[in-house]
Amino acid sequence: MHGLTIAVVGLGFGRAFVPIYLAHPDVAEVVLVEPDATRRAEVARVYGIGPGYPDLDSALNDDSIDAVHILAPVMTHAVLVSAVLRAGKHVASAVPMATTLTDLDELISAQVAAERNYMMMETTVFAREYRQVARLYRAGTFGSLTLYKGYHVQNLDGFPIYWQGFPPMHYVTHALSPLLSLLDTGIKTVQCRGAGTLHPDRTAGGFDNPFPTEVGLFTLHGSDMLAEVTMSFFQTARSYIEGFSLYGEHLGVEWPIDNEGPLTLHEMGGPRVAHRGNVVTTRILAPADDNQELPAALRPFTRPCNYQGPGMPGPVHVSAQHGGSHPFMVHEFVRSIVERRSPLVDTRTAARWTAPGICAHQSALQGGAEIVVPVY
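Since this is a predicted model, take the numbers as computed values, not measurements.

### Some details on the sheet that holds strand S13 (residues 278-285)
Judged by pairing direction, the sheet is mixed, and its nine strands sit side by side in the order S13-S12-S11-S10-S6-S9-S8-S7-S16 without closing on themselves. Each edge of the open sheet is held by one strand with a lone partner, namely S13 and strand S16 (371-372). Relative to strand S9 (residues 223-232), strand S8 (residues 213-220) runs antiparallel, the two sharing eight bridges. Looking across to S9, one finds that Phe218 is bridged to Ala227. Packed on one face of the sheet, helix H6 (residues 128-138) meets strand S6 (145-153), strand S10 (241-248), strand S11 (251-254), strand S12 (263-271) and S13 and runs near 25° to S12. The strands touched by helix H7 (residues 173-183) are S6, strand S7 (187-195), S8, S9 and S10; relative to S6, the strand with the most contacts, the crossing angle is about 150°.

Here it is as structure tokens:
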């Protein structure tokens with residue numbers, strides 16, 4: 001196969017992915033797609049690449065483009081992904097896959113009909129923190145699992161209007177997918193409650209959501225443990241955090257309180273002599289990058305770095321958000337195409353990770369009613 005040509009759609013968050021694709025040894029060219037002509041021209045200049053296109057339709061008419069990475073607003077994901085698949089191109093998309101169960105079903109059908117790859121770019125399951133927890137789990141150090149706590153708290157005041165009033169649980173994948181990935185399972189049922197009431201000036205997005213915060217309890221297929229997930233986008237005084245904690249009979253692991261930094265490990269010992277309770281030892285563990293599976297050219301992107309590729313007028317500083325996950329996601333998407341296989345987060349996996357949030361919001365609107373989540 002010749003080197004792939006990848007179109008990157010949306011150069012806000014998407015700008016961070018341009019140098020990673022450019023550096024990938026299986027990628028020959030990156031095409032920019034962005035309606036803001038000034039932004040598109042600036043990205044093209046600093047990376048020494050072509051001017052790209054102002055809209056997706058123009059890119060889909062370009063036969064040289066093999067795959068498209070969608071990094072556009074959430075409400076456009078289903079429509080844009082469907083258009084890319086109909087055009088016969090591979091597609092990756094930022095989370096969530098969609099915001100309705102109907103759209104999830106339609107995207108699964110569209111991918112099957114197109115016989116092209118779809119990958120949801122879920123950052124958390126490629127982050128160094130998750131990878132560290134997964135190594136501990138595979139080693140059997142947790143014992144039987146009891147409780148999972150996922151959380152995503154982020155103040156969206158000042159974000160674009162399409163975020164204002166957004167139902168928090170519709171964005172649940174960052175907080176819930178680590179558990180579903182770790183156990184290779186799905187959610188059976190959810191009961192969710194809304195907390196607080198959105199102020200009128202935070203409802204401009206026009207969503208059916210009266211809650212600044214939603215808290216859900218999720219049961220799993222094939223496991224007796226419980227997942228508790230808190231999603232909060234408004235009116236909750238807490239610094240940004242996007243992570244999880246996992247507790248078993250022998251080990252508990254907690255996310256850094258300030259979102260970045262070492263994990264906290266709680267190791268259960270034997271009973272205290274002549275005292276109640278058990279001895280619990282607490283220590284910190286800095287998660288390793290563990291990036292040897294990446295091509296050498298992509299390894300620097302797991303941490304903030306400077307990149308200068310062929311034709312660039314100078315080096316560009318590249319951040320490394322979301323636990324250094326970006327190069328892992330890019331590599332998995334690209335290699336799934338080259339190797340003609342499904343990516344790790346394909347349509348059905350993405351639906352299993354997205355649907356629980358859609359059902360959780362339905363539950364919250366119904367005062368905490370138990371909702372059965374579809375099986376994919």
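Let's pick the thread back up.
### Brief notes about the sheet that holds strand S5 (residues 118-120)
With parallel pairing, the five strands of this open sheet are ordered in space as S2-S1-S3-S4-S5. One side of each edge strand has no neighbouring strand; the edge strands of this open sheet are strand S2 (27-33) and S5. For this sheet, the mean inter-axis angle between neighbouring strands, taken without regard to orientation, is 20°. Across four bridges, strand S1 (residues 4-9) lies against strand S3 (residues 67-70) in parallel orientation. Across the sheet, the residue bridging to Val8 is His69, located in S3.

### Looking at empty space enclosed by the protein
This model, assessed by the stated rule, comprises one cavity of 30 Å³ or more. Size it by volume and the largest cavity reaches roughly 30 Å³. Lining the largest cavity are Ala16, Ile20, Phe301, Val318, Ser319, Ala320, Gln321, Gly324, Ser325, His326 and Pro327. Contributions of two or more residues to the lining of the largest cavity are made by helix H8 (321-324) and helix H9 (326-338). Considering only residue class, the lining of the largest cavity consists of six nonpolar, five polar and no charged.

### Notes on the pattern of salt bridges
A complete count under the given rule lists 13 salt bridges for this structure. For Asp26, the salt bridge identified is with Arg335, shortest N-O distance 2.7 Å. Placement of Asp26 in the loop between helix H1 (18-23) and S2 and of Arg335 in helix H9 is noted, with a sequence separation of 309 residues between them. Here Asp290 and Arg131 are joined by a salt bridge, their closest N and O atoms 3.4 Å apart. One end of the pair, Asp290, is in the loop between S13 and strand S14 (305-307); the other, Arg131, is in helix H6, and 159 residues separate them in sequence. Beyond isolated ion pairs, a larger network of salt bridges with shared partners links Asp26, Glu332, Arg335, Glu339 and Arg341.

### As for the pairing of S9
Pairing between S6 and S9: seven bridges, direction parallel. Directly across from Gly150, in S9, lies its bridge partner Val229. Following S8, the chain reverses through two residues before pairing antiparallel with S9; Gly222 in that reversal takes a positive phi of roughly 75°.

### A short note on the packing of H6 against H7
H7 packs onto H6 with a crossing angle of 35° between their chain directions and a minimal axis gap of 11 Å. Here H6 runs over H7; the crossing is right-handed. Within the contact between the two elements, H6 uses Tyr130, Ala134 and Tyr137 and H7 uses Pro178, Ser181, Leu182 and Leu183. When its residues are assigned to classes, the contact of H6 with H7 shows six nonpolar, one polar and no charged.

Calculation notes
- Residues numbered from 1 in each chain as written.
- Predicted model: local features only at pLDDT ≥ 70, side-chain atom pairs only at ≥ 80, totals over all residues.
- Heavy atoms only, no water.
- Pairing = 2+ DSSP bridges.
- Helix = DSSP H or I, 4+ residues; strand = E, 2+ residues; numbered from the N terminus.
- Contact = heavy atoms within 4.5 Å.
- Axes fitted to C-alpha atoms, helices over the stretch in contact; angles between N-to-C directions.
- 1 Å grid on protein atoms, 1.4 Å probe; cavity = no way out; pocket = protein on both sides within 12 Å on 5 of 7 lines; lining within 4 Å.
- Points joined across faces, edges and corners; volume = space filled by probe spheres on them.
- Nonpolar A, V, L, I, M, F, W, Y, C, P; charged D, E, K, R; others polar.
- Salt bridge = Lys/Arg side-chain N within 4 Å of Asp/Glu carboxyl O.
- Left-handed = near helix turned anticlockwise from the far one by under 90°.

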